[in-house]
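# Results of the structural survey
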Amino acid sequence: MHKLAVFGNPIEHSLSPKIHAIFAQQTGVYIEYSKQLAPIGDFKQVAQDFIKQGGTGFNITVPFKIQAFEIADELTKNAQAAGAVNTIKVQGAKLIGENTDGIGLMRDLSANLGVSLQGKTLLIIGAGGAARGIILPLLEQNPKRLMIANRTASKAISLANEFAKYGKTCGFGLEKIKPSPVDIIINASSAALNNEMPNIPDETANGAICYDLMYGKTTKFMQWAQANNAIKVVDGLGMLVEQAAASFEFWTGKRPMTMAVIKELAK
Ligand code: ATR
């Protein structure tokens, strides 16, 4: 029996219990998966209580991914690079921290949307936690280059420098985006939370696949992409299901099928 949970604040609208229940049914693994509202500032205590009660693993969402990174005793390469943890496995007395966000995005692009990243030019918008969490798995697919553009240029530059050892990266301010062809634009900014749109030249979307990490609503970025001849406009629902699948596999060793779940949730 796997006693699992997701911790966040807020947490009410999390789709994770539903997704993991479907995975459990599919794979025949017996799990219990609950939503846990952790008070801000009290995540560590709540997580420790869950483990004392027999918790074998948990997901961590906003705003606790950095605190989850801090409580982990061991980190996977992805978690280390992301500087944040969204999945913890309890292994004896040790907490193993993983980050499946980037794997989730990469799998949604490659397996579900049929987009190979090899040799492609990628442009990430934003240089905060969400951007940091996805860069390593993208670079591991050998894109031609990965550009990071951010409203505050210095943050994009330092993030690009940090990841330069894994592949060809460069960072700059949004105003420096050139209208040269980009294959895939990934919106990792939090602009949509304020119903805003990052200031990107319209021509950038022309012929590009535009992927927003947000899901559950059509963002301004998605509307902009549609209006400016993107060849495909995608929200982050597939990534959500894929990161859940990677977490499920990390805990149970069983790989669930995701396509039917994505279709079900998209209804
Ligand atoms: P998250 O963990 O969601 O990435 P974050 O670390 O606060 O949140 O980072 C938010 C990112 O969205 C930042 O890159 C931010 O740009 P700044 O570094 O200049 O603050 C970006 N962002 C937020 N609102 C934006 C907007 N209206 N236009 C462009 N970028 C925006």
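As shown above, the structure is provided for reference.
Every residue gets a number counted from 1 within its own chain, in the order that chain's sequence is written. pLDDT decides what is reported in this predicted model: residues at 70 or higher carry local features, side-chain atom pairs at 80 or more are listed and counted, and totals for whole chains, interfaces and linings draw on all residues regardless. Side-chain calculation: all heavy atoms of the structure are included, whereas hydrogens and water are not.

Another point: the site of the ligand. Any residue with a heavy atom positioned within 4 Å of a molecule or strand is treated as near that molecule or strand. Around the ligand there are 14 residues in total, and Ala130, Asn150, Thr152, Lys155 and Glu196 lie nearest to it. Measuring from an oxygen atom of the ligand, one finds a backbone N or O atom of alanine 130 at 2.9 Å. Under this definition, polar contacts are N or O atom pairs within 3.5 Å; protein pairs additionally need one hydrogen-donor-capable and one acceptor-capable atom, and for neighbouring residues in sequence, both atoms have to be side-chain atoms. Threonine 152 places a polar side-chain atom, nitrogen or oxygen, 2.5 Å from an oxygen atom of the ligand. Alone, the ligand offers 640 Å² of accessible surface; in the complex the protein occludes 72% of this. Classes in brief: Ala, Val, Leu, Ile, Met, Phe, Trp, Tyr, Cys and Pro nonpolar; Asp, Glu, Lys and Arg charged; the others, Gly included, polar. Residues belonging to the shell around the ligand are distributed by class as follows: 4 nonpolar, 7 polar and 3 charged. We get accessible surface area from the Shrake-Rupley algorithm with a probe of 1.4 Å; when it comes to residues, only the shown protein chains can shield them.

The next thing to look at is the environment of methionine 1. Position of methionine 1 among the secondary structure elements: in the segment before strand S1 (2-8). Using a 1.4 Å probe on the protein chains alone, a residue whose accessible area is under 20% of its type maximum counts as buried, one over 50% counts as exposed, and one in between counts as partly exposed. With a relative accessible area of 54%, methionine 1 lands in the exposed category. Sequence separation between methionine 1 and lysine 267 is 266 residues; the distance between their C-alpha atoms is 31 Å. Residues count as neighbours in contact if any of their non-hydrogen atoms are within 4.5 Å of one another. Methionine 1 has contacts with Tyr30, Ile31, Glu32 and Thr56, leaving out every residue within four places of it along the chain. The numbering of helices and of strands both runs from the N terminus, where a helix is a DSSP run of H or I of at least 4 residues and a strand a run of E of at least 2.

The next thing to look at is the sheet that holds strand S5 (residues 87-91). A pair of strands is labelled paired if DSSP reports no fewer than 2 bridges between them. Taken in spatial order, the 6 strands of this open sheet run S2-S1-S3-S5-S6-S4, and their pairing is mixed. Of all strands in the sheet, those with a lone pairing partner are strand S2 (31-37) and strand S4 (74-75), marking the two edges. As defined by bridge partners, strand S3 (residues 57-60) adjoins S5 across 3 bridges and the pair is classed as antiparallel. Opposite asparagine 59, over in S5, you have threonine 87 as the bridge partner.

This paragraph deals with the nonpolar core. As used here, the term nonpolar core means buried Ala, Val, Leu, Ile, Met, Phe, Trp, Tyr and Cys residues forming a set that is joined through side-chain atoms within 4.5 Å. Core analysis: the largest hydrophobic core is formed by 29 residues, its most contacted members being Leu105, Ile124, Ile134, Leu138 and Ile186. Among the elements of the structure, helix H5 (101-112), strand S7 (121-125), helix H6 (129-139), strand S8 (145-150), helix H7 (153-163), strand S10 (184-187) and strand S11 (209-212) are those that each provide at least two residues to this core. A total of 6 residues in this core trace back to one element, the largest contributor, which is H6. Here isoleucine 124 is in contact with Ala131, Ile134, Ile135, Leu138, Leu146, Met147, Ile148, Ala149, Ile186 and Ala188, once residues within four sequence places are set aside. If you look at the next biggest cluster of nonpolar residues, it comprises 21 residues, including Leu240, Val241, Ala245 and Ile262.

Let us now look at the packing of aromatic side chains. The aromatic pairing rule takes the rings of Phe, Tyr and Trp, using the six-membered ring of Trp, and pairs them if the centres are within 6.5 Å, calling planes under 30 degrees apart stacked, those over 60 edge-to-face and the rest tilted. Taken as a whole and assessed by the stated rule, the structure comprises 9 aromatic pairs. Between the aromatic rings of phenylalanine 7 and phenylalanine 50, the centroid separation amounts to 5.6 Å while the plane-to-plane angle is 80°, which identifies the pairing as edge-to-face. With a gap of 43 residues between them, phenylalanine 7 in strand S1 and phenylalanine 50 in helix H2 (residues 43-52) connect regions that are remote in the sequence. Between phenylalanine 43 and phenylalanine 64, the aromatic rings sit 5.2 Å apart at their centres with planes inclined by 15°, giving stacked as the arrangement. In this pair, phenylalanine 43 sits in helix H2 while phenylalanine 64 sits in the loop between S3 and helix H3 (65-71), placing the two residues 21 residues apart along the sequence.

Note that every value here comes from positions in space, so none of it alone points to a role or purpose.
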